[in-house]
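Listed here are the chains, written in short residue letters.
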Amino acid sequence: MNHRLRIQRFRPRARGPFKLKTALLFLFWGIVLGILIPGLLLTLAYILYAPELPDPRVLEEYRPPIVSRVYSADGELLAEFAGEKRIWVSLDDVSPCFIKALLSTEDRNFYHHWGIDLKRIFGALIANIKAGRIIQGGSTITQQLARDLFLTRQKILTRKIKEALTAIRLEHRYTKYEILELYINQSYMGKGCYGVQAAAQTFFGKDASELGPAEAAFLVGLLRAPSYYLRDPRRAVRRRNLVLKLMAKSDVMKDVCPIDNLDSLLALPFVMPKKVRGESWKAPYFVDFVRRKVAAKFGEDVLYSGGITIYTTLNYKLQKVAEDTLRGRLRMLQRRVEVLHHPDDPEYTMMVYDSTTGDSVRVWKQINGAVFAVQNGTGRILVMVGGKDFKQSQFNRVTQAIRQPGSAFKPFVYTAAIDNGMQPCDWIDDVPGVWPKADGGEWRPENYDRKYLGKITLREALAHSRNLASVRLCEMVGPKTVVQYAHRMGITTFLDPVLSITMGSSGVKLWDIVTAFSVFPNQGVKITPVAIDRIVDRDGAIIYREQPEKKEVLSKGTAYVMVSMLQSVIDFGTGHAARLFGFLHPAGGKTGTTNDYTDAWFIGFTKDMTAGVRVGFDDMTSIGEGITGSRGALPIWTKLMIAAHPTSPTEKDSFDIPYGEVVFLDICRVSHKLATKRCPVLHEVFLRKNPVPHEYCDLTHTPEDTLREKMFYQPPTESIPPANIDQVGPKRKKRKGL
């Protein structure tokens, strides 16, 4: 065969004349096969499965589970609660790049089909047959939404038929805008996140409106199989790059999200977030406290899926100061223990199981503590630190720990005495004594410094925390009366009505004693602390406001006299170190130290807030000799108060004086009668309902008469210089009192 013949053999045949009959035949069969038969099949399927199809009208009342959030009073997000972490977002508030990535990858003809895309279905079918496996899906966005909302993920024909029919119903009932908004909020994107807003915050720490092309491509890429891609960042990057290439080819939203720098976007690395936002709570002890309250009132379904917003009373700035200061002080006390004791000392160490070696090892016991503060007048909780590490121990030492308060209990004794006829300047004996015990033995209490001052005033006895004088005062008033006053003011635990209650022999909660101390600056009114300002539902309506319970438990006069006496504790008593640390606002408070130095307390207040601090080992091991309330707890309280009162004190910071119930008199510092010109003057407050001096002093005031003046103004013999507030100083001479 020559060359010419070969060319003629492969030359294409000439096209014949156009035949109308043939064209009409092709058109007829095209309509039959492409429209009529699929239409008949869809109609038949609809008739068969219509009774089993979900009603799309239920979406009009559909309220998907969304995340609940907890905020502090100063706007800090403290925690999120969710079974499904979902934050609903409007389609208008989503980045155009995300919409472009979604449509380019999942449904290019979204705005042109009526629920199902026949062309895409047939194309996917052919591609899967050629590959011998499923490599493409033919489901539209509407079909995926129908599956996620109403159906399962079973890979069977009946489910696919129901999915297609439900998608058609959805398209008939709702607009494209509504369907797309439902989809972007319903789809699962890994790490417990449902919807684009929760995923954007989790993976990139930003809102959905701020997503760039690469970030949007990454999230859209996760839709196919979140767990598969998140297990290996390299898979996630490859999937992201595939989506970016599809975006670059697509003309969808090209004007608002152009992909001009594809190569640089493909080269971007991705770092998997180590911590998911919301997994770690801020102020965890407080958040857990609020969580329990809300769950008890509304149920866990509302808390974890209702999308409520909980606005709390917490001041997060003060909370951070309290947490940091407490941890710093505890570290210092822990170092002190570890320096003074041997690593094998069974008192300060314990045996724990080491899973890495399969053996038991000895570790140091850890000192712990708590801080609690409320706003006077409202009861709003400002600070709650239930321990130094919530991950290690969820035990809330503010609300759950019951510990002996030591001398921090003494104000209840003095309150009972003042309210039953005594005045701050009345004399009391600070001398040794012996009292019988119920078991027939003898009780011989001692002062902290083992010294005795003889006759002193009630103000002096409280300021310098004199044990013997306080026990005698309790004996005069009656332990049962003291217990009644403590319970009335806010102590809820059992108190044994014995004389040793004076020095805190019965346990109390930090929550209770702070509540009780707040009665003093609240002018005799007990206010139950509240943690929640308001709760708002997902529609913005306020569904709850926590109201504090208020009850007058003391007269204004008695409360103010106690305020005045407790101011003496800070001004020249056992709490005087607060002044040396630089805290100058009017304040009152009381130190507390338990036997063997197992706990150190300080409870104090200003006009605006009341706060309490306790430090100690959980198993009541001794913190160490000399670690009293003034050394262990007072520095923490002082730093918190300085942070809460950053400006210099003014007249507004002074405590309110109920002049109708108290009177100020100048009395002789020695005789305690009305002062004359010859007398060393003491300006003292008196409760009007109690006996008030009415005679003038008749002393000549020789040097012997004025010896008592020295004792009243005797400064503390031990203090920590302001510069060393965060340091454990060398051992000094013991302070008079606790």
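Everything that follows concerns the structure shown earlier in this document.
Each value, and the rule that gives it
Residues numbered from 1 in each chain as written. Predicted model: local features only at pLDDT ≥ 70, side-chain atom pairs only at ≥ 80, totals over all residues. Heavy atoms only, no water. Pairing = 2+ DSSP bridges. Helix = DSSP H or I, 4+ residues; strand = E, 2+ residues; numbered from the N terminus. Axes fitted to C-alpha atoms, helices over the stretch in contact; angles between N-to-C directions. Contact = heavy atoms within 4.5 Å. Parallel < 35°, antiparallel > 145°, perpendicular 65-115°, else oblique. Left-handed = near helix turned anticlockwise from the far one by under 90°. Buried < 20%, exposed > 50% of the residue type's maximum accessible area, 1.4 Å probe, protein only. Core = buried A, V, L, I, M, F, W, Y, C linked by side-chain atoms within 4.5 Å. Phe/Tyr/Trp six-rings, centres within 6.5 Å; stacked < 30°, edge-to-face > 60°.

Colleague: Please give an account of the sheet that holds strand β18 (residues 588-593) that cites residues and values.
Modeller: One open sheet holds the five strands; their spatial order is β9-β8-β20-β19-β18, and the pairing between them is antiparallel. If you trace the sheet from one side to the other, it starts and ends with β9 (381-385) and β18, each paired once. When the angles between neighbouring strand axes are averaged without regard to direction, this sheet yields 5°. Pairing of strand β8 (residues 367-375) with β9 involves four bridges; the strand directions are antiparallel. Residue pairing in the sheet places V374 in a bridge with I381 of β9.

Colleague: Give a detailed account of the pairing of strand β6 (residues 349-354), specifying residues and quantitative values.
Modeller: Direction of pairing for β6 relative to strand β7 (residues 359-364): antiparallel, over a ladder of six bridges. Residue pairing across strands places D354 opposite D359, the latter belonging to β7. Taking the residues between adjacent antiparallel strands as the criterion, β6 and β7 are bridged by four residues, where G358 takes a positive phi near 75°.

Colleague: Residue-level account of the side chain of Q567, with values.
Modeller: With respect to the secondary-structure elements, Q567 resides in helix α21 (residues 556-572). Once residues within four sequence positions are removed from consideration, Q567 is found in contact with P586, A587, G588 and F655.

Colleague: How would you explain the packing of helix α9 (residues 213-222) against helix α11 (residues 233-249) if you had to name every residue and give the values?
Modeller: Between α9 and α11, the shortest axis-to-axis distance is 8 Å and the interhelical angle comes to 115°. By the angle class used here, α9 and α11 are roughly perpendicular. You can see that α9 and α11 cross each other, and the crossing is right-handed. Contacts between α9 and α11 pair P213, A214, A217, F218, V220 and G221 from the former with A236, R239, R240, V243, L244 and M247 from the latter.

Colleague: Which residues make up the environment of W427, and what are the values?
Modeller: Locating W427 in the fold gives a position in strand β10 (residues 427-430). W427 gets classed as partly exposed once you look at its relative accessible area, which sits at 29%.

Colleague: Explain the nonpolar core to me, and be specific about the residues and the numbers.
Modeller: F412 and I513 are the most contacted members of the largest nonpolar core, which totals 82 residues. Per-element accounting of this core gives the leading share, seven residues, to α21. Setting aside residues up to four positions removed in sequence, F412 forms contacts with V482, A486, M489, I491, I513, A516 and F517. Listed in part, the 51 residues of the second largest apolar core include L103, L180, L211 and F270.

Colleague: Summarise the packing of aromatic side chains; cite the residues concerned and give the values.
Modeller: Applying the stated criterion across every chain, the model contains 23 aromatic pairs. With a centroid separation of 6.1 Å and 90° between ring planes, the pair formed by F412 and F517 is classed as edge-to-face. Of this pair, F412 sits in helix α16 (residues 410-419) while F517 sits in helix α20 (residues 510-517), placing them 105 residues apart in sequence. Note on F520 and F605: the rings are 6.3 Å apart at their centroids and 50° apart in plane angle, and the pair reads as tilted.

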